[in-house]
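Understanding the architecture of this molecule
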Amino acid sequence: MKKGFTHFAEGDVVLAKITPCFQNGKAAVMRDLPNGIGAGTTELHVFRPIASTVLPEYVYIYLKSPNFVSKGIPRMTGTAGQKRVPNDYFAHSPFPLPPLAEQHRIVARVDALMGLCDQLEARQTQADAARRQLLAALVADLLASPAEGRGEASPPIHPVSPNPMAGDASPLRDAWERLSAHFDHLLAAPEDVATLRQTILQLAVQGRLVEQNPQDEPAGVLLERIHAVRASLIADGQINKPAPLPIISESEYPFAPLEGWQWERLGNLTKFIDYRGHTPPKTSSGVRLITAKNVRMGHVNIEPQEYISEETYKKWMVRGFPRYGDVLFTTEAPLANVAQLLFHEKIALAQRVINLQSFADLDSTYLKLSLMSPLLQDAISDKSSGMTATGIKASRLKLILIPLPPLAEQRRIVARVEQLMGLCDELEAGLREAQAAAERLSEGLCAAVVGQKNAPNREEAV
């Protein structure tokens, strides 16, 4: 027999005793073993049924039962990441032992019901796949539909709302009608709302969420101010003169610039504060340190909370100081998470995070939303490199094209996106509550069924 292994024989029932396998009910009946014996990890408890008394498949059902698992979890010992079910719980737990003939009937009934569950799950999986394919197709149709002129109104979130696209027919309105007609069916799970969020961001950077005002100052004038401020900072020695970025050719445009809009490279719009490749020594308190782990898509999470000393901060932050409202971008692990710095406290930055600090009047929230959009996420992915850890260099990130509306329109887009995202939050919360209510109902019915004792005609109870 091999040392350092758990040994079992034909017909034994094994139970994984380590977290999270135990919580997930990982167990198995050992069948068709070569030579009738086998060996496995030491993280197994082994139950060897007494022949002609206990059916292994019945033991297997018992070990996977919610009652056995839920009562065993508080008994687990060890560290948080390596807890195990002790042998005494496994060996001494009361075991409900019906007659052998009834064990066979129980196993047969469970097998039959599990087969029905498998069929139901397969049908549900197919239905979900078809629903998501339809949602993706309708969204793609909406995004590809040409807007007739400028000033197309934005879509509602739910079909019971008045449709602001109603009126004269257009490809965009027609595409929205096809999508909104199926809202209740298509948005059936919380994760479906993510598709809606991405659609909102894509429409935003395409200039299709808010009406345009020809009286707005064109984005070209805004760019002149941004370039002037940048040149002034270089002349004053506040920033180093960067290498010039390539002039944008029309062949690079993802779509033709709208009236009053401009395409500009990210490196010409913002200062890059980059501490890539280095992390300062940490302390238990002091100045908050923001790393790539803190930058989530759309927001900064203060967990994990890490700090550096005031002395290190003064020596470390030589490339620039983050400001309230700046945009943070993760260069890898994960790639292209984008968030806005909304801390008034002093912070330090670590590796794999670039602080994008606008030179002039660019609306930083609009920049964040743009970088989160599928249009720019795809462009960033195209310029990334690496196999095991995909990342993007700052020099390539600077080449990314930003669709730049007039400043007043940027602010209208931000307000509209925030409004629609709030409605998405409400929709997602409602779907999660419905899902939780269904789970509670299922658990309640299950508890009611398994909790019945001495029910008449037990074979017909299900």
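Residues numbered from 1 in each chain as written. Predicted model: local features only at pLDDT ≥ 70, side-chain atom pairs only at ≥ 80, totals over all residues. Heavy atoms only, no water.

**Description of the packing of aromatic side chains**
According to the stated counting rule, one finds nine aromatic pairs in the structure shown. An aromatic cluster is present here, built from Phe22, Phe47, Tyr58, Tyr62, Phe68, Tyr89 and Phe95 joined pairwise through their rings. Against the face of Phe272 rests Lys398, its NZ or CZ located 5.2 Å from the ring centre. (Phe/Tyr/Trp six-rings, centres within 6.5 Å; stacked < 30°, edge-to-face > 60°. Lys NZ or Arg CZ within 6 Å of the ring centre and 35° of its normal.)

**Points about the side chain of Arg288**
On the secondary structure map, Arg288 appears in strand β8 (residues 287-290). Within the structure, Arg288 has its side chain in polar contact with the side chain of Glu345 (distance 3.1 Å). Excluding anything up to four places from it in sequence, Arg288 contacts Ile302, Gln305, Glu306, Tyr307, Phe343, Glu345, Lys346, Ile347 and Ala348. (Helix = DSSP H or I, 4+ residues; strand = E, 2+ residues; numbered from the N terminus. Polar contact = N/O pair within 3.5 Å; in protein donor to acceptor, adjacent residues only side chain to side chain. Contact = heavy atoms within 4.5 Å.)

**Considering the environment of Glu252**
If you trace the backbone, Glu252 turns up in the loop between α8 (219-235) and β6 (262-265). Exposure remark for Glu252: the relative accessible area of 33% places this residue in the partly exposed category. Note: C-alpha distance between Glu252 and Trp263 (11 residues apart in sequence) is 9.6 Å. Beyond its immediate sequence surroundings of up to four residues, Glu252 is in contact with Ile247, Arg265 and Leu401. Of note is the side chain of Glu252, whose polar atom sits 2.9 Å from the side chain of Arg265. (Buried < 20%, exposed > 50% of the residue type's maximum accessible area, 1.4 Å probe, protein only.)

**Focus: the pattern of salt bridges**
Counted according to the given criterion, the structure contains 22 salt bridges. As a salt-bridge pair, Glu252 and Arg265 come within 2.9 Å of each other at their nearest N and O atoms. Of this pair, Glu252 sits in the loop between α8 and β6 while Arg265 is found in strand β6, placing the two residues 13 residues apart along the sequence. Taking the shortest distance from any N to any O, the salt bridge between Glu345 and Arg288 comes out at 3.1 Å. Within this pair, whereas Glu345 is found in the loop between β13 (335-340) and β14 (347-349), its partner Arg288 is found in strand β8, the two being separated by 57 residues in sequence. A network of salt bridges, in which partner residues are shared, links Asp128, Arg131, Arg132, Glu191 and Asp192. (Salt bridge = Lys/Arg side-chain N within 4 Å of Asp/Glu carboxyl O.)

**Side note on unusual backbone geometry**
Look at the link from Thr19 to Pro20: it is a cis peptide, with omega at 0°. Structurally, Pro20 can be placed in the loop between β2 (13-16) and β3 (27-29). Positive phi, close to 55°, is recorded for Asp32, a residue that is not glycine. Mapped onto the elements, Asp32 comes out in the loop between β3 and β4 (37-40). Looking at Asp32, the relative accessible area reads 72%, which means it is exposed. The phi angle at Ala336 is positive, at roughly 70°, despite the residue not being glycine.

**Considerations on the environment of Gly25**
Mapped onto the fold, Gly25 is located in the loop between β2 and β3. A C-alpha to C-alpha distance of 7.7 Å links Gly25 and Ser65, two positions 40 residues apart in sequence.

**Topic: the packing of helix α1 (residues 56-64) against helix α4 (residues 100-144)**
Between α1 and α4, whose axes approach to 9 Å, the crossing angle comes to 60°. One element, α1, and the other, α4, form an angle in the oblique class. The chirality of how α1 crosses α4 is left-handed. Contacts between α1 and α4 pair Glu57, Tyr58 and Ile61 from the former with Gln103, Ile106, Val107 and Val110 from the latter. Residue classes in the contact of α1 with α4 are distributed as five nonpolar, one polar and one charged. (Axes fitted to C-alpha atoms, helices over the stretch in contact; angles between N-to-C directions. Parallel < 35°, antiparallel > 145°, perpendicular 65-115°, else oblique. Left-handed = near helix turned anticlockwise from the far one by under 90°. Nonpolar A, V, L, I, M, F, W, Y, C, P; charged D, E, K, R; others polar.)

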